[in-house]
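Understanding the architecture of this molecule
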Amino acid sequence: MTSALTLPRLVFGPGKLATLPDELALLGVCRPLLISDRGLEAAGLVAKIRLAVPDIAAQFLDVPDNPTAEGADGAAATWRAGGCDSIIALGGGSVLDTAKLVAALVTSGLDSAADMIGRPDMITHHISPLIAIPTTVGTGSESSPVTALHLVAGGPSIGTRSLWLVPRVALCDPDLARTLPPRLIAATGIDALSHCIEGYLANSENPIIDALALDGAGRVIANIHRARLPEGDDARASLLAAAYAGGVAIHKGLGPAHAIALACGDQHVHHGTVIAVALPHTTRLLEPHVPEKAARLRVAMGLGEGAGIGAALQTLIASLGMPTTLKDAGYRMGARAPLVTAMVASHFNRTSAYAPSSAEYGAILNAIAGQD
């Protein structure tokens, strides 16, 4: 099985935000909707966009931390009221995922995002031009074909996958990551690493994606600590490149760490933090099933021959001071059986190098719960 690949036009480098007007002109649009969030407004990044593009037609800044259908509907209503012809999305995964669904929704004739979430058959090439500007170093939404939103706040996250959802332009300016707190650099960086690892190990074939994924994994390992320092501009730029590579790797599919994160996506716990808790355990399970790929991944990560990738990830995540259990991450454990059922049913198992059994998912959940 081979994996299809559609990529955005990539504009990458410090100071590249200044090229935003040129990118709008290349797309032939002039009335963009700016989608972002209140945190980035407070950090002054929204003002930077408005300085670069003074004639933005409208803005929607109320994207919640965990993106919802309601937030997408609000942004779509703003797009229509402003007579917009395009979208600029500034933010992390919540903002970019919202903007991707909005770009499809506003040209679909549908009334609500709820009619489109989880329905890739409702998405066509009639989609608003979208420029994605990431401000974190991990989600890769700027280059991936996937958006994940919650139908209701506190409900499960539901993915929607379509090549039409890939943004037209990814404008990656590492200067915009300077205001990112160290804890979010760690969480989003590990998220990028998980995309590179699970995308690389996925069972479809694409040597171009594999090369990018291996490069991205190596970049995260080499730079994630230094990227958290004020003087770590070069390291943050390298993580931003890794995040883009991770988004590309998602085209091949992901694996059990994301099945776990999706099942545990019903609470306000950062996705990258849940991934960090799960990834060492799921990768340890996958390694024996893909020995040749695991050997190449060890080289990319700078590990010695025969070193355990899962063990190395455990050490890395602990060194970043990140939670290693769901309890420490702030996840309140309820009944475990429904969580295991959701993990086993996850679509991520279809692309995984190995699909864990119910017993194996249950054992991992017991290991990462950190609570009775």
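Right, let's walk through the structure included here. (Residues numbered from 1 in each chain as written. Predicted model: local features only at pLDDT ≥ 70, side-chain atom pairs only at ≥ 80, totals over all residues. Heavy atoms only, no water.)

Some points on the overall build of the protein chain
Secondary structure assignment for the protein chain yields 16 helices and eight strands. Relative to its length of 372 residues, the protein chain is compact, with a C-alpha radius of gyration of 19 Å against a globular reference of 21 Å. Taken along the three principal axes of its C-alpha coordinates, the protein chain extends 55 × 40 × 40 Å. Looking at the protein chain as a whole, 57% of its 372 residues are labelled buried. (Helix = DSSP H or I, 4+ residues; strand = E, 2+ residues; numbered from the N terminus. Rg over C-alpha atoms; globule rule 2.2 N^0.38 Å. Buried < 20%, exposed > 50% of the residue type's maximum accessible area, 1.4 Å probe, protein only.)

Regarding the packing of helix α6 (residues 182-201) against helix α12 (residues 309-319)
For the pair α6 and α12, interaxial distance at closest approach is 12 Å and the crossing angle is 165°. Viewed along their axes, α6 and α12 adopt a mutual orientation that is roughly antiparallel. The handedness of the crossing between α6 and α12 comes out as right-handed. Contact residues: Ile190, Leu193 and Ile197 in α6; Leu313, Leu316 and Ile317 in α12. Classifying every residue of the contact of α6 with α12 gives six nonpolar, no polar and no charged. (Axes fitted to C-alpha atoms, helices over the stretch in contact; angles between N-to-C directions. Parallel < 35°, antiparallel > 145°, perpendicular 65-115°, else oblique. Left-handed = near helix turned anticlockwise from the far one by under 90°. Contact = heavy atoms within 4.5 Å. Nonpolar A, V, L, I, M, F, W, Y, C, P; charged D, E, K, R; others polar.)

Looking at the nonpolar core
Counting residues in hydrophobic clusters, the biggest one holds 71 residues, and the most contacted among them are Ile190 and Leu326. If one sorts the elements of this core by residue count, α6 sits on top with 11 residues. What Leu326 contacts, discounting residues up to four positions off in sequence, is Cys264, Val274, Val277, Tyr331, Met333, Leu365, Ile368, Ala369 and Gln371. Judged by nonpolar contacts, the second largest core, of 32 residues, contains Val63, Val95, Ile117 and Ala132. (Core = buried A, V, L, I, M, F, W, Y, C linked by side-chain atoms within 4.5 Å.)

Brief notes about helix α1 (residues 20-27)
Within α1 the residues assigned to the buried category are Leu20, Glu23, Leu24 and Leu27. Within α1, the buried residues cover an arc of 100° as seen down the axis, which keeps them to one side. Among the exposed residues of α1, those pointing more than 90 degrees away from its buried face are Ala25 and Leu26. Lining the buried residues of α1 we find β1 (9-12), β2 (32-35), α3 (45-52), β4 (86-91), β5 (130-134) and β8 (169-172). (Arc of directions from axis to C-beta.)

Things to note about the sheet that holds β8
Taking strand neighbours across the sheet as the criterion, the six strands line up as β1-β8-β5-β4-β2-β3 in an open arrangement whose pairing is parallel. Every interior strand has two partners, whereas the edge strands, β1 and β3 (58-60), have only one. Adjacent strand axes in the sheet meet at a mean angle of 15°, parallel and antiparallel pairs treated alike. Bridge count for β4 against β5 is five bridges, and the pairing is parallel. Bridging from a neighbouring strand, Gly91 pairs with Pro134 of β5. Sheet strands touched by α3: β2, β3, β4 and β5. Its angle to β4, the strand with the most contacts, is close to 145°. Of the strands in this sheet, β2, β3 and β4 are in contact with helix α4 (residues 69-81), which crosses β3 at around 175°. (Pairing = 2+ DSSP bridges.)

Regarding the pairing of β5
Counting buried positions over the five residues of β5 gives five, a clear majority of the element. Burial along β5 is two-sided: Leu130, Ala132 and Pro134 and Ile131 and Ile133, pointing in opposite directions, are all buried. Note that the unit made of β4, helix α5 (residues 93-105) and β5 has a crossover that is right-handed. Here β5 pairs with β8 via two bridges, running parallel. When the sheet's bridge partners are listed, Ile131 is paired in β8 with Val169. (Right-handed = clockwise from strand over helix to strand, strands pointing away.)

Quick notes on the environment of Glu360
Mapping Glu360 onto the fold places it in helix α16 (residues 358-369). A relative accessible area of 23% places Glu360 in the partly exposed class. Dropping the residues within four chain positions of it, Glu360 is found in contact with Leu285, Tyr354 and Ala355.

Quick word on the packing of helix α7 (residues 207-223) against helix α11 (residues 291-300)
To describe two helices that pack against each other, one gives the angle between their axes and the distance between the axes. Packing of α7 against α11 leaves a shortest axis separation of 8 Å and a crossing angle of 40°. When the axes of α7 and α11 are compared, the pair comes out oblique. Contacts from Leu214, Ala217 and Gly218 in α7 reach Arg296, Leu297 and Ala300 in α11. Partitioning the contact of α7 with α11 into residue classes produces four nonpolar, one polar and one charged.

What to know about the side chain of Thr282
Structurally, the position occupied by Thr282 is in helix α10 (residues 271-286). For Thr282, a relative accessible area of 1% puts it in the buried group. Among residues more than four places away in sequence, those in contact with Thr282 are Glu198, Pro256, Ala257, Ile260 and Ile364.

Looking at the side chain of Lys100
With respect to the helices, strands and loops of the structure, Lys100 is situated in helix α5. Although Lys100 is buried, it makes no salt bridge; Asp97 carries the closest opposite charge, 4.4 Å away. Separated by 2.9 Å, the side chain of Lys100 and the backbone oxygen of Ser141 make a polar contact. With residues near it in sequence (within four places) discarded, Lys100 still touches Ile127, Leu130, Ser141, Ser144, Val146, Thr147, Leu165 and Pro167. (Lys, Arg positive; Asp, Glu negative; His and termini not counted. Salt bridge = Lys/Arg side-chain N within 4 Å of Asp/Glu carboxyl O. Polar contact = N/O pair within 3.5 Å; in protein donor to acceptor, adjacent residues only side chain to side chain.)

Quick notes on the packing of aromatic side chains
Here the structure, examined in full by the defined rule, presents zero aromatic pairs. The residue whose ring lies beneath Lys293 is Tyr200, and the NZ or CZ to ring-centre distance is 5.3 Å. (Phe/Tyr/Trp six-rings, centres within 6.5 Å; stacked < 30°, edge-to-face > 60°. Lys NZ or Arg CZ within 6 Å of the ring centre and 35° of its normal.)

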